[in-house]
Amino acid sequence: MIKKCLFPAAGYGTRFLPATKATPKEMLPVLTKPLIQYGVEEAVEAGIHTMAIVTGRGKRAIEDHFDISYELEHQIKGGSKEHLLDDIRALIEQCTFSYTRQVEMKGLGHAILTGETLIGNEPFAVVLADDLCTNTAKGVLSQMIEVYEKYQCSIVAIEEVPMDQTDKYGVIAGHLVDGTDDTYRVTDMVEKPDPKDAPTNMAIIGRYILTPDIFDILRNTKPGKGGEIQITDALLEQAKKGKVIAYKFKGKRFDCGSVDGFVEATNYFYKNIK
Ligand code: G1P
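A short tour of the structure in this document, coming up. Keep in mind the model is a prediction, meaning the values are calculated, not measured.

## So, the overall build of the protein
Phase 1 of the analysis: A tally of regular secondary structure across the protein gives 10 helices and 13 strands.
Phase 2 of the analysis: Scaling as 2.2 N^0.38, a compact globule of 274 residues should have a C-alpha radius of gyration of about 19 Å, and the protein matches this with 18 Å.
Phase 3 of the analysis: Oriented by its inertia axes, the alpha-carbon framework of the protein measures out at about 55 × 40 × 40 Å.
Phase 4 of the analysis: Residue burial in the protein is summarised as follows: out of 274 residues, 53% are buried.
Phase 5 of the analysis: For the protein, the accessible area works out to roughly 13,300 Å², and carbon and sulfur atoms hold 50% of it.
Phase 6 of the analysis: Placing the 33 positive and 39 negative side-chain charges of the protein at their respective mean positions leaves the two points 2 Å apart.

## Examining the packing of helix α1 (residues 35-45) against helix α4 (residues 86-94)
Phase 1 of the analysis: One way to put it is that α1 packs onto α4 with a least axis distance of 11 Å and a crossing angle of 55°. In this view, α1 runs oblique relative to α4, as classed from their interaxial angle. By crossing handedness, the relation of α1 to α4 is classed as left-handed. Contact residues: Q37, V40, E41 and V44 in α1; D87, I88, L91 and Q94 in α4.
Phase 2 of the analysis: When its residues are assigned to classes, the contact of α1 with α4 shows 4 nonpolar, 2 polar and 2 charged.

## Things to note about the state of the cysteines
Phase 1 of the analysis: Taken as a whole and assessed by the stated rule, the structure comprises 0 disulfides.
Phase 2 of the analysis: The thiol of C133 is unpaired, and the distance to the nearest cysteine sulfur, on C256, comes to 9.4 Å.
Phase 3 of the analysis: Note on C133: relative accessible area 12%, which makes it buried.

## Here's the deal with the environment of F16
Phase 1 of the analysis: Along the chain, the position of F16 falls in the loop between β1 (4-8) and β2 (29-30).
Phase 2 of the analysis: Overall, the relative accessible area of 12% leaves F16 in the buried class.
Phase 3 of the analysis: Separated by 149 residues in the primary sequence, F16 and Q165 place their C-alpha atoms 20 Å from one another.
Phase 4 of the analysis: The residues touching F16, leaving out its near neighbours within four places in the chain, are L28, C256, G257, S258, V259 and F262.

## Description of unusual backbone geometry
Phase 1 of the analysis: A cis amide bond, omega 5°, links L17 with the succeeding residue P18.
Phase 2 of the analysis: Position of P18 relative to the elements: it lies in the loop between β1 and β2.
Phase 3 of the analysis: Phi is positive for D178, close to 50°, though the residue is something other than glycine.
Phase 4 of the analysis: Along the chain, D178 turns up in the loop between β9 (170-176) and β10 (183-191).
Phase 5 of the analysis: Overall, D178 belongs to the exposed group, its relative accessible area being 55%.
Phase 6 of the analysis: Of note in this structure, K192 is not a glycine but carries a positive phi near 45°.
Phase 7 of the analysis: Assignment of secondary structure puts K192 in the loop between β10 and β11 (202-210).
Phase 8 of the analysis: The exposure class assigned to K192 is partly exposed, which follows from its relative accessible area of 32%.

## Quick notes on helix α9 (residues 231-240)
Phase 1 of the analysis: Burial analysis of α9 places 7 of its 10 residues in the buried class, which makes it a mostly covered element.
Phase 2 of the analysis: Residues I231, T232, A234, L235, L236, Q238 and A239 constitute the buried set of α9.
Phase 3 of the analysis: Of the residues one or two after α9, G242 is the one with positive phi, at around 75°.

## What about the site of the ligand?
Phase 1 of the analysis: For the ligand, the set of nearby residues contains 13 residues, the closest of which are D131, G170, E191, K192 and I204.
Phase 2 of the analysis: Between the ligand and I204 there is a distance of 2.6 Å, counted from an oxygen atom to a backbone nitrogen or oxygen.
Phase 3 of the analysis: Relative to its unbound accessible surface of 380 Å², the ligand loses 77% to contact with the protein.
Phase 4 of the analysis: Among the detected pockets, the ligand sits in the largest pocket.

## Notes on the layout of surface pockets
The gaps left among the atoms become clear once a water-sized probe is rolled over them.
Phase 1 of the analysis: Approximately 1,100 Å³ is the volume found for the largest pocket.
Phase 2 of the analysis: R15, K25, L128, D130 and K192 are, among the 40 residues lining the largest pocket, the residues nearest its centre.
Phase 3 of the analysis: Of all the elements in the fold, those that place two or more residues in the lining of the largest pocket are α5 (108-114), β11, α9 and β13 (252-255).
Phase 4 of the analysis: Per-element accounting of the lining of the largest pocket gives the leading share, 4 residues, to β11.
Phase 5 of the analysis: Approximately 690 Å³ is the volume found for the second largest pocket.
Phase 6 of the analysis: For the second largest pocket, the lining is made up of 27 residues, of which K33, Y38, E41, D87 and I273 are closest to its centre.

Scoring rules and cut-offs
- Residues numbered from 1 in each chain as written.
- Predicted model: local features only at pLDDT ≥ 70, side-chain atom pairs only at ≥ 80, totals over all residues.
- Heavy atoms only, no water.
- Helix = DSSP H or I, 4+ residues; strand = E, 2+ residues; numbered from the N terminus.
- Rg over C-alpha atoms; globule rule 2.2 N^0.38 Å.
- Buried < 20%, exposed > 50% of the residue type's maximum accessible area, 1.4 Å probe, protein only.
- Areas by Shrake-Rupley, 256 points an atom, 1.4 Å probe, with all protein chains shown as cover.
- Lys, Arg positive; Asp, Glu negative; His and termini not counted.
- Charge placed at Lys NZ, Arg CZ, Asp CG, Glu CD.
- Axes fitted to C-alpha atoms, helices over the stretch in contact; angles between N-to-C directions.
- Parallel < 35°, antiparallel > 145°, perpendicular 65-115°, else oblique.
- Left-handed = near helix turned anticlockwise from the far one by under 90°.
- Contact = heavy atoms within 4.5 Å.
- Nonpolar A, V, L, I, M, F, W, Y, C, P; charged D, E, K, R; others polar.
- Disulfide = S-S within 2.5 Å.
- Near = heavy atom within 4 Å.
- Polar contact = N/O pair within 3.5 Å; in protein donor to acceptor, adjacent residues only side chain to side chain.
- 1 Å grid on protein atoms, 1.4 Å probe; cavity = no way out; pocket = protein on both sides within 12 Å on 5 of 7 lines; lining within 4 Å.
- Sits in = over half its atoms within 2 Å of the grid points.
- Points joined across faces, edges and corners; volume = space filled by probe spheres on them.

Below, the structure written as C-alpha cells:
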C-alpha cells in the first residue's frame, strides 16, 4: 500500500516572475484551483490521504490553503458562493497535511531527502505539482500504484517528447517487460541530456513511486547536472539493480512550470473540465 505522497514545493518559480514574487508557484490557479490542489486530488483519487509537503521561505499560502479560514467560512455561509469551497473542504476533511522546510535549494533529490522525516521507512508517491496531469478514467498516480503493486520497486512516469526537448527532462532507456507496450525495465537514465547524448526521447514527468532505500542513496548522491542533487542520479543506482520501472501513463500532462504549458492547461481545462 502507498499511503503517503510527497510534494516538493520549495522552488522559486522564477519563470513566473513577477507573479511568484510573493505567491508560491504551486498556488498559481488553473481556472479557480491552485496547481497543488490538483496534485492533492490526484493523490486522493489514488487512495492516498497523508500529504507531506516540502516547503521553503515564502510558502505560507500553501499551509493556509489546506486549512479552514474561519472568517471566510463565516462570511459566505448560507450564500450562493458557499459551494465553491466544497472541494477544498472535502480534501481538508479526508487528508492530513504535514510540512517541513528545505532550507537551501540543492535540487529535487535534496528536496525529496528533506521529506524523509515526513515519510519514514515506507514506499511513497511523489508529485511535482507543476506537471498537471489529467485523464478521463484513472489518474496517473492510480495507474502507477497498480504498476507498483505488480513490480514492488520504484516507478517513474514517462512520456515521449520531441527529441529536441530532452534537455528539459530526465530521460530513460529500458526494455519492455512482460509483453506490455507501456512498461519498461529501466537500464539507463540521464538528467537533462543534450539531444545528441540522449539515449531515447522517453522523458520522466513529475510523478514517481519511490522505495525508501532511495533516502540512503540520496544521502550519498553527489551533485550532478546544474550542481544539484538529482533524483534521476539516485534512481540510476536502483536501476542498475533492475529496480526501476518506467510506465508510459494514460492521460495528458501539461508543463505548468512554463508559461506556454500553463496557458495550454488553462485552455484545456476551460474547454473540457469547467
Ligand atoms: C525535474 C527532474 C526531471 C524530470 C522533471 C519532470 O526537473 O529533475 O528529471 O524530468 O522534473 O517535470 P525540473 O522540471 O524540476 O527542472
